[in-house]
Amino acid sequence: MSQVIKRQFVVQWKDWMWGMGSVGGISLIVFCVIQLIVHFTDMSYQQFVSIGTTFGCVVAVFYALVIEIQVGYYFNLEISMGCTRKHFFLAFYLVNLVFGLLTLVLLSAICMAEMGLNRLLHPGVESMFNILPYFPSIGIGVAVALPMVCGFAGALNMRFGKKAFWVLWGIWMFAWIGIPQISEAAENAPGSIFGRIGNGVSALLKMVPGNIWIVLAVTSSLACFAGSFLILRKQAVTA
């Protein structure tokens with residue numbers, strides 16, 4: 001098993017290095033752009049937000065999603081090299097979990113550096129919202145759950161092909177376009193159809209206690225994890 005994990009690290013480490021480099025680069029670019037805007041305009045800088053780190057978090061999640069949903073590529077590669085399906089499944093998850101946690105450490109360092117530079121460049125200005133305290137809880141939770149959920153999506157795509165792809169694409173588009181539109185309608189046009197839907201859903205969600213959401217998130221992630229294994233253990237190599 002240890003040899004399988006080492007081989008999986010060898011296969012994936014360059015991909016993750018590109019991802020971590022992108023996280024650091026985007027965070028730095030966004031930070032510099034904000035500083036230039038503040039310097040060359042009349043924008044007041046009463047409070048600062050770690051916006052470079054925020055963009056870095058978005059890039060990190062998106063990049064992890066892209067890598068982990070490609071489980072089919074790594075599956076075909078490893079199984080064709082003689083790896084068992086069970087060992088591949090465990091190694092793939094563990095490797096992505098480790099790289100996810102390393103990315104979280106990088107984001108923590110970026111956040112501390114950004115806050116320090118803001119205090120140095122703008123003495124007396126305090127942070128409006130510090131995201132660093134959320135990394136040990138929410139950040140670790142995302143690092144643990146993301147390979148489970150994305151791996152399941154990738155396994156479905158392997159098993160059912162275009163049918164799964166279009167369903168997943170529809171869910172993705174609804175999450176990124178539909179939900180913000182409904183949320184905006186609920187705030188700006190509460191009497192509209194989408195506004196009523198948004199307000200109704202919001203009321204239902206508020207009725208659910210916070211600890212129940214944690215249980216649902218954990219249960220859903222474990223279900224995805226189990227579903228991925230059930231699919232991959234019988235999946236044939238396709239390329």
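As the structure is a prediction and not an experimental result, all values here were calculated from the model.

Trainee: Teacher, can you tell me more about the packing of aromatic side chains here?
Mentor: Two aromatic rings are characterised by how far apart their centres lie and by the angle between their planes. Under the counting rule described, the total for this entry stands at ten aromatic pairs. On the basis of an interplanar angle of 75 degrees and a centroid distance of 5.1 Å, the ring pair of Y73 and Y74 is categorised as edge-to-face. On the accessibility criterion, Y73 (52% relative accessible area) is exposed. A ring pair is formed by Y74 and F92, whose centres lie 5.8 Å apart and whose planes are at 45 degrees; its orientation type is tilted. With Y74 in helix α3 (residues 71–80) and F92 in helix α4 (residues 85–121), this pair connects stretches of sequence that are 18 residues apart. Put simply, the rings of Y73, Y74, F75, F88 and F92 pair up and form one aromatic cluster. Directly above the aromatic system of F160 lies the positively charged group of R159, at a separation of 5.0 Å from the ring centroid.

Trainee: Please clarify how empty space enclosed by the protein should be interpreted in this entry.
Mentor: Here the idea is plain: a probe the size of a water molecule rolls over the atoms and shows the empty space left. Following the criterion strictly, the structure yields one cavity of 30 Å³ or more and no others. Counted as a void, the largest cavity has a volume near 90 Å³. Around the largest cavity, the lining residues are V71, F88, F89, F92, Y93, P147, M148, G151, F152, F225, S228 and L232. Those elements giving two or more residues to the lining of the largest cavity turn out to be α4, α5 (135–160) and α8 (210–232). Considered class by class, the residues forming the lining of the largest cavity number ten nonpolar, two polar and no charged.

Trainee: How should I be thinking about the layout of surface pockets in this particular structure?
Mentor: In this structure, the largest pocket spans a volume of roughly 610 Å³. Lining of the largest pocket is provided by 20 residues; of these, L65, I69, A153, L168 and W172 occupy positions nearest its centre. Of all the secondary structure elements, the ones that give two or more residues to the lining of the largest pocket are α2 (51–68), α5 and α6 (162–188). No other element matches the seven residues that α5 contributes to the lining of the largest pocket. For the lining of the largest pocket, a count of residues per class yields 18 nonpolar, two polar and no charged.

Trainee: So what exactly am I meant to see when it comes to the nonpolar core here?
Mentor: General note: in soluble globular proteins, nonpolar side chains tend to be found buried as a group. Ranked by internal contacts, the top residues of the largest apolar core, which has 24 residues, are W16, V71, F75, F88 and L232. Put simply, the parts of the chain that give this core at least two residues each are α1 (2–40), α2, α3, α4, α5 and α8. The element contributing the most residues to this core is α4, with six residues. Residues V23, F48, C111 and F135 belong to the second largest nonpolar core, which totals eleven residues.

Trainee: Any chance you could explain the side chain of N96 here in plain terms?
Mentor: Looking at the element boundaries, N96 is found in helix α4. Exposure remark for N96: the relative accessible area of 0% places this residue in the buried category. Here the side chain of N96 touches W16 through a polar contact of 3.3 Å, side chain to side chain. The residues touching N96, leaving out its near neighbours within four places in the chain, are Q12, W16, I67, E68 and P147.

Trainee: For this particular structure, what's the right way to read the environment of G154?
Mentor: When you line up the elements, G154 lands in helix α5. G154 gets classed as buried once you look at its relative accessible area, which sits at 2%. On a C-alpha basis, the gap between G154 and Q70 in space is 5.8 Å, while along the polypeptide they are 84 residues apart. Leave out the neighbours within four places in its chain, and G154 touches I69 and V71.

The rules behind the values
Residues numbered from 1 in each chain as written. Predicted model: local features only at pLDDT ≥ 70, side-chain atom pairs only at ≥ 80, totals over all residues. Heavy atoms only, no water. Phe/Tyr/Trp six-rings, centres within 6.5 Å; stacked < 30°, edge-to-face > 60°. Buried < 20%, exposed > 50% of the residue type's maximum accessible area, 1.4 Å probe, protein only. Helix = DSSP H or I, 4+ residues; strand = E, 2+ residues; numbered from the N terminus. Lys NZ or Arg CZ within 6 Å of the ring centre and 35° of its normal. 1 Å grid on protein atoms, 1.4 Å probe; cavity = no way out; pocket = protein on both sides within 12 Å on 5 of 7 lines; lining within 4 Å. Points joined across faces, edges and corners; volume = space filled by probe spheres on them. Nonpolar A, V, L, I, M, F, W, Y, C, P; charged D, E, K, R; others polar. Core = buried A, V, L, I, M, F, W, Y, C linked by side-chain atoms within 4.5 Å. Polar contact = N/O pair within 3.5 Å; in protein donor to acceptor, adjacent residues only side chain to side chain. Contact = heavy atoms within 4.5 Å.

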